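# Topology and contacts: notes
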Amino acid sequence: MLAQAFSNLEDMTKENFLPDDKYEAGTFVSNEFLGSIDLDSDDFEKTAVLEELAGNFDAKEQVKAAYLMGTWELTDRTTLLGGARLEHTSNEYEAYRFVDEETPLEKVTGEDASYTNVLPYVHLRYRLNDLTNVKLAYTHSLARPNYFDLAPYTIIDEDEYYFGNPDLEPTLSKNVDLMIEHYLSDVGILSAGVFYKSISDFIVTRVTEDGSNEYYMPVNAGDGTLTGIETAAQFQLPFIPGLGLYLNYTYTHSEIDNFSIEGREGDDLPLPGSPEHTANASIAYEKGPFNIRLSANYHSDFIDSEEGAIGEEEWEDRYYDEAFHLDLNGGYRLSDIVQLYVEVSNLTNEPMRFYQGSEEYVAQDEYYDRKFLVGIKADW
């Protein structure tokens with residue numbers, strides 16, 4: 001009986017959804033009619049959507065900086081460049097508290113926040129010969145929080161609560177880079193290097209639950225390290241004049257330390273937004289007024305750095321899936337200042353895909369198709 005029921009269901013499905021069936025979409029208005037609609041007229045009732053307005057904010061960020069730099073020729077082959085940059089950052093924010101559509105928006109003014117950073121740097125270059133250099137660098141750098149993350153907003157959407165965090169600290173990084181580069185006798189360069197980055201106070205959106213309620217807030221989640229290698233090559237292909245090739249590849253291993261997300265402290269997680277493998281390649285041809293370039297870009301999957309990417313459990317983590325993009329662009333110079341150009345993006349129609357926990361659990365899959373752009377530009 002059960003098998004017969006499934007058989008009947010299958011027959012019904014085939015009957016109701018034959019490929020030849022066509023759905024009549026109905027009648028659509030013309031573009032001219034849509035374009036003539038006056039949304040400011042009295043024919044429409046206007047209602048302010050307070051939840052959307054609550055996403056507005058006013059921000060003022062002021063960065064004052066000064067730097068000191070010096071260059072020393074230690075020997076005829078060794079050059080030392082060093083110095084430091086002093087930055088003072090101050091922020092002022094106004095945002096809104098949204099409770100529901102029946103309650104007026106409440107303006108919230110955040111306390112003025114400021115911080116000062118000293119960013120030293122030292123670069124050492126040793127010239128092996130006229131075409132080969134070895135470079136060693138130690139630097140400090142910072143990444144400031146997003147403006148919206150700092151705004152003191154509150155948005156309550158039924159059982160979901162969203163908060164800004166004016167107390168966010170910038171993400172700091174201490175970096176060591178060692179690289180060797182060799183210039184080719186013609187136009188080109190080969191390079192390879194290793195790097196290490198010690199990162200503190202990286203930012204993620206923390207998601208917590210209290211019964212049926214969920215709370216979202218950007219926080220400084222901990223520290224981490226990045227270790228990797230990078231290689232690059234750029235040269236002209238000798239068998240066809242005007243044909244050039246560019247390649248690069250980066251391998252990155254990342255780890256999180258002192259993770260402050262409750263329940264995930266002991267998990268072996270990579271840093272959000274850090275793919276393990278990235279690669280780029282392009283081949284270009286230029287002769288006379290004509291030029292064309294085909295470019296390929298690849299990255300492996302990684303934990304997303306956007307809101308809610310790291311959950312309370314491993315299966316909730318949101319990943320940006322691996323992707324391969326292929327783009328084509330070219331041009332033809334009509335005169336010294338006027339050029340005809342064409343661009344074709346995403347030739348393979350690569351989707352933007354996210355998955356949750358494991359790649360078979362698709363969370364989001366978006367296709368944007370190919371994009372064609374043709375035009376004329378002038379350079380004065």
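Here's what I pulled together on the structure shown here. (Residues numbered from 1 in each chain as written. Predicted model: local features only at pLDDT ≥ 70, side-chain atom pairs only at ≥ 80, totals over all residues. Heavy atoms only, no water.)

## Section: the overall build of the chain
Within the chain one finds 4 helices and 20 strands. Relative to its length of 380 residues, the chain is extended, with a C-alpha radius of gyration of 28 Å against a globular reference of 21 Å. C-alpha atoms of the chain, sized along the principal axes, occupy 85 × 60 × 55 Å. Taking all 380 residues of the chain together, the buried fraction comes to 28%. Looking at the chain alone, contacts between residues at least 24 apart form 61% of all its contacts between residues at least 6 apart. Accessible area of the chain: about 24,600 Å², with a carbon and sulfur share of 54%. The chain carries 25 positive and 73 negative side-chain charges, and their two centres are separated by 13 Å. (Helix = DSSP H or I, 4+ residues; strand = E, 2+ residues; numbered from the N terminus. Rg over C-alpha atoms; globule rule 2.2 N^0.38 Å. Buried < 20%, exposed > 50% of the residue type's maximum accessible area, 1.4 Å probe, protein only. Contact = heavy atoms within 4.5 Å. Areas by Shrake-Rupley, 256 points an atom, 1.4 Å probe, with all protein chains shown as cover. Lys, Arg positive; Asp, Glu negative; His and termini not counted. Charge placed at Lys NZ, Arg CZ, Asp CG, Glu CD.)

## A short note on the pairing of strand S1 (residues 58-73)
In this sheet, strand S2 (residues 78-98) lies alongside S1 in antiparallel orientation, the contact comprising 16 bridges. Bridge pairing in S2 places Gln-62 opposite Ser-90. In this structure, the hairpin formed by S1 and S2 is closed by a connection of 4 residues. (Pairing = 2+ DSSP bridges.)

## Section: the packing of aromatic side chains
Applying the stated criterion to the full structure yields 11 aromatic pairs. With a centroid separation of 4.7 Å and 15° between ring planes, the pair formed by Tyr-162 and Tyr-216 is classed as stacked. Taken together, the residues span a long stretch of sequence, with Tyr-162 in strand S7 (residues 160-163) and Tyr-216 in strand S10 (residues 213-236) at a distance of 54 residues. Both residues of the pair, Tyr-162 and Tyr-216, belong to the buried class. For the cation-ring pair, Arg-318 lies above Phe-354, with the distance from its terminal atom to the ring centre recorded as 4.1 Å. Note that Lys-377 overlies the ring of Tyr-341, its terminal NZ or CZ placed 5.4 Å from the centroid. (Phe/Tyr/Trp six-rings, centres within 6.5 Å; stacked < 30°, edge-to-face > 60°. Lys NZ or Arg CZ within 6 Å of the ring centre and 35° of its normal.)

## Describing the nonpolar core
The biggest cluster of nonpolar side chains holds 16 residues, and the ones touching the most others in it are Phe-202, Val-204 and Phe-259. Membership of the second largest hydrophobic core comes to 13 residues, among which are Ala-54, Ala-95, Phe-98 and Tyr-162. (Core = buried A, V, L, I, M, F, W, Y, C linked by side-chain atoms within 4.5 Å.)

## Some details on the pattern of salt bridges
If charged atoms from side chains of opposite charge come close, those side chains can pair. Tallying each qualifying case throughout the model produces 8 salt bridges. Across the pair Arg-85 and Glu-87 runs a salt bridge whose closest N-O atoms are separated by 2.6 Å. Residue Glu-87 is classed as buried on the basis of its relative accessible area, which comes to 8%. The salt bridge involving Glu-181 is made with Lys-135; its shortest N-O contact spans 3.0 Å. With Glu-181 in strand S8 (residues 171-183) and Lys-135 in strand S5 (residues 132-143), this residue pair connects regions lying 46 residues apart in the sequence. We classify Lys-135 as partly exposed; its relative accessible area is 33%. Each of Arg-85, Glu-87 and Arg-144 takes part in salt bridges that share partners, so that together they form one network. (Salt bridge = Lys/Arg side-chain N within 4 Å of Asp/Glu carboxyl O.)

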